[in-house]
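# Topology and contacts: notes
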Amino acid sequence: MNDLTPSEKSLLDMVNDPGLKLNLQNIREAAQGIWPPDVRIIKDYTDHGFPHSQRLVENVEKILRPDIDVSLSKEEIYLLLAGIYLHDIGMQCDVVKHPKIKAKAEELGAQFDIDFTTTGSNNYSLDEQKALRQNHHFLSAAWISIAHDTGATDLGAAAQKIPSYLVEDLEDVCRFHSKLDINQCPLKLKASPSGRKRLVAALLRLADELDIGKKRVDFAVLKNFALSPENAVFWWLHELTHVDIFASIVTLTIFLHPDDAGDFTRLIETEVIRKFIEKNQPLIDILMGYQNNIVISASSKVVADSHTLTLPADIKEELQRIAAPSGPSPVMAPVAPPSPIAPTSALQKFKTLDLELANTRRHPNRKDFEQGRYYQNQDLHRDVRGYLQDTRRCLILGPPGSGKTALARGVGFALSQKALPWQVYYLSANWKSSAAEWLADLARGDHDGALFILDNCHQAIEAVNQLLENWSLIREARLLLISRDINPDLAGPTEDNYLAALAAETVPVKVDQNTISQVIQALQTHWQDKGKDLGDLEAISQKCQGDLHLLNFYTLIAIAPKISYN
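Below: a short report on this structure. As the structure is a computational prediction, the values presented were derived from the model and not from experiment.

## Digging into the overall build of the protein
Looking only at helices and strands, one finds 25 helices and 12 strands in the protein. Considering the protein as a whole, with its 566 residues, one finds that 55% of them fall into the buried category. Only carbon and sulfur atoms are counted for the fraction: they give 49% of the accessible area of the protein, which is about 25,800 Å².

Shown next as structure tokens:
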């Protein structure tokens, strides 16, 4: 019997009802008995036995990490754990021996287009196995129902202890863990308007989807026994895939030998990774609705690795068939490169720069940038762009009113106007800011050509430090930070201080009075040419001292040539 894992213990401890906790332990024991090592009804697919359930508990714990306030109730945790243990038992259901379960599954929506003629649990034909697998979510729900009502099967004793008011909810959680539209799952628990059934089902389903990797397959079987090409490709992808879940960011990396990477990288990134992200976006949306910022990184990708096994000929042929399903020969069809994933609407905190520039009074707006009506320092622009290009991050540092925000927005606006426009986002930090929320947004927009501008970092020192500690999770997007100098006593130890961490990537902004006077003199000349008087130059100069963004709005005329970013 499998011992409780630390993750199982952690979630069980959250069930503060002795009766529910005891029933979960009984369900767990029954589930292990349903998956004996010597009996597998479905053999040609990845393993769904009890270790699979234990890995799902680990995934759930990573999704529900401590700094996310999901606050699951005891009933929600109970249904989540019970669903994890029972969601796949339909794959182990001998429908010949238990026709009532099959009939109940058909009532719930299962469709079997085959007559089952097997003579034993280990002798189901490939077509029979396929039919069970296609309907296993209905069979799991039906098995729970029959076991609770009759006490039949190895699940009976534990199922009869399931509180009657939660049986239908548990059936739904298992039924919606696969294939069905998750948004058709009822929002609330049957007996509790405050209970969130759809959230529980989404957590189970996402944890299930993320159980990808070497532990799902016995690679010796793949190498030594013939499987159908479709299933063999599935097994190979599990063997080659690594899933990392950290700080609310899920990153998929599929390793290919360099000899295979040239032929299949684009196909796998488009047909496997991209479709995986799109398939699971409804689950992400549900969790986001309950303040959980889990996200599948848009920078998930194929990586060439010389230590990875090369793909055998039959797997290559099947991948080529997938690429050109209607073609007469197994020749790779051209596949368009994937466009940036993560639409703007998926970002929760950052706004697009266009939206930020559409309505602002404190800084130059879009029209000002389009017409060059703000003070541009070409050296500063060049330095910022250089760091963004070389290290993907930069800190603009300076005193209040020195033009830091205008500089950052000017750089972002210019990049957004390039022939291949960048996606530029803006956010002003505050003391309530969360690094986890920022990281989730960066992961949603993590592609080459995305720039995130984070202003007023000095108001959220700890969150900025945490963001930089996890910066390695962001593979391609660029980050432009804006900050005033901060009191060392507030910054914390040097190793935790973002000013120290970005010392080599900092662009200081300091505007002296001489510069302001020169700008104002240029403005005076401009207005005099138009027959107008700017006014008291000395008074304006004093008013604008060290405050370029005020100077920008005081003048609103072209005072410098537009910057070329080609």
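There's plenty left to go through after this.
## Remarks on the nonpolar core
Residues Leu 80, Leu 86, Leu 132, Leu 155 and Leu 287 are the most contacted members of the largest nonpolar core, which totals 100 residues. Top contributing element to this core by residue count: helix H13 (residues 258-289), with 12 residues. In this structure, Leu 80 is in contact with Val 60, Leu 64, Leu 72, Val 200, Leu 203 and Leu 204, ignoring residues within four places of it in sequence. Ranked by size, the runner-up nonpolar core spans 36 residues in total, among them Ala 450, Ile 461, Trp 471 and Ala 477.

## Points about the packing of aromatic side chains
Counting across every chain of the model gives 6 aromatic pairs. On the basis of an interplanar angle of 85 degrees and a centroid distance of 5.1 Å, the ring pair of Phe 350 and Phe 452 is categorised as edge-to-face. Here the residue Phe 350 occupies a position in the loop between helix H14 (313-323) and strand S7 (351-352), and Phe 452 occupies one in strand S10 (residues 450-455), the gap between them amounting to 102 residues. Of the two residues, Phe 350 and Phe 452, both sit in the buried class. An angle of 25 degrees between the planes, with centres 4.8 Å apart, marks the rings of Tyr 425 and Phe 452 as stacked.

## A closer look at the sheet that holds strand S12 (residues 506-508)
Spatially, S7-S9-S10-S11-S8-S12 is the arrangement adopted by the 6 strands of the open sheet, whose pairing is mixed. Unpaired on one side and paired on the other, S7 and S12 mark the two borders of the sheet. Across 4 bridges, S10 lies against strand S11 (residues 478-483) in parallel orientation. Within S11, the position partnered with Phe 452 by the bridge is Leu 479. Contacts from helix H20 (residues 461-469) reach strand S8 (393-397), S10 and S11 within the one sheet, and its direction differs from that of S11 by about 155 degrees.

## Points about the pairing of S10
Most of S10 is tucked away, with 6 of its 6 residues classed as buried. Burial of the side chains of S10 extends over both faces: Ala 450, Phe 452 and Leu 454 are buried on one face and Leu 451, Ile 453 and Asp 455 on the other. Of the strand pairs in this sheet, strand S9 (residues 423-428) and S10 are connected by 6 bridges, and their pairing is parallel. Bridge pairing in S10 links Ser 428 to Asp 455.

## Structural notes on the side chain of Arg 28
Mapping Arg 28 onto the fold places it in helix H2 (residues 18-34). For Arg 28, a relative accessible area of 9% corresponds to the buried category. Leaving out residues up to four positions away in the same chain, Arg 28 has contacts with Asn 2, Asp 3, Leu 4, Glu 8, Phe 50, Gln 54 and Tyr 85.

## Some thoughts on the environment of Gln 281
Its location among the elements puts Gln 281 in helix H13. In sequence terms Gln 281 and Ile 296 are 15 residues apart; their C-alpha atoms lie 8.4 Å from each other.

## Regarding unusual backbone geometry
Positive phi is not limited to glycine here, since Thr 153 has a value of about 70 degrees. Here Thr 153 lies in the loop between helix H7 (136-150) and helix H8 (156-159). Given a relative accessible area of 22%, Thr 153 falls into the partly exposed group. Of note in this structure, Asn 456 is not a glycine but carries a positive phi near 55 degrees.

## A few points about helix H4 (residues 74-86)
Over its 13 residues, H4 extends 18 Å from the first C-alpha to the last, a length consistent with the 18 Å expected when each residue adds 1.5 Å. Of all the 13 residues making up H4, 12 are buried; the element is thus mostly covered by neighbouring parts of the structure. Buried residues of H4: Glu 75, Glu 76, Ile 77, Tyr 78, Leu 79, Leu 80, Leu 81, Ala 82, Gly 83, Ile 84, Tyr 85 and Leu 86, and no others.

## Describing the side chain of Asn 292
With respect to the helices and strands, the residue Asn 292 is situated in the loop between H13 and strand S5 (295-296). The class of Asn 292 is buried, set by a relative accessible area of 2%. Polar contacts involving the side chain of Asn 292 include one to the main-chain carbonyl oxygen of Ile 63, which spans 3.1 Å.

## Things to note about the packing of helix H9 (residues 164-175) against helix H10 (residues 197-209)
Between two packed helices, the angle of one axis relative to the other and the distance separating the axes together describe the packing. It is at 9 Å that the axes of H9 and H10 come closest, and there the two elements cross at 40 degrees. Between H9 and H10, the interaxial angle falls into the category oblique. In this structure, the crossing between H9 and H10 has a hand that is right-handed. The segment H9 lies against H10, with Asp 169, Asp 172 and Val 173 engaging Lys 197, Val 200, Ala 201 and Leu 204. Residues belonging to the contact of H9 with H10 are distributed by class as follows: 4 nonpolar, no polar and 3 charged.

## A short note on the pairing of strand S4 (residues 249-256)
The side chains of a regular strand alternate, residue by residue, between the two faces of the sheet. Buried residues dominate S4, accounting for 7 of its 8 residues. Alignment of strand S3 (residues 241-246) against S4, held across 6 bridges, turns out to be antiparallel. Among the inter-strand pairings, Phe 246 is bridged to a residue of S4, identified as Ile 249. The antiparallel hairpin formed by S3 and S4 contains 2 residues in its connecting segment, where Ala 247 sits at a positive phi of about 50 degrees. Taken together, the 2 bridges between S4 and S5 define a ladder with parallel strand orientation. Directly across from Val 250, in S5, lies its bridge partner Ile 296. Of the strand pairs in this sheet, S4 and strand S6 (residues 301-304) are connected by 4 bridges, and their pairing is parallel. When the sheet's bridge partners are listed, Ile 254 is paired in S6 with Val 302.

Parameters and conventions
Residues numbered from 1 in each chain as written. Predicted model: local features only at pLDDT ≥ 70, side-chain atom pairs only at ≥ 80, totals over all residues. Heavy atoms only, no water. Helix = DSSP H or I, 4+ residues; strand = E, 2+ residues; numbered from the N terminus. Buried < 20%, exposed > 50% of the residue type's maximum accessible area, 1.4 Å probe, protein only. Areas by Shrake-Rupley, 256 points an atom, 1.4 Å probe, with all protein chains shown as cover. Core = buried A, V, L, I, M, F, W, Y, C linked by side-chain atoms within 4.5 Å. Contact = heavy atoms within 4.5 Å. Phe/Tyr/Trp six-rings, centres within 6.5 Å; stacked < 30°, edge-to-face > 60°. Pairing = 2+ DSSP bridges. Axes fitted to C-alpha atoms, helices over the stretch in contact; angles between N-to-C directions. Expected span 1.5 Å × (residues − 1). Polar contact = N/O pair within 3.5 Å; in protein donor to acceptor, adjacent residues only side chain to side chain. Parallel < 35°, antiparallel > 145°, perpendicular 65-115°, else oblique. Left-handed = near helix turned anticlockwise from the far one by under 90°. Nonpolar A, V, L, I, M, F, W, Y, C, P; charged D, E, K, R; others polar.

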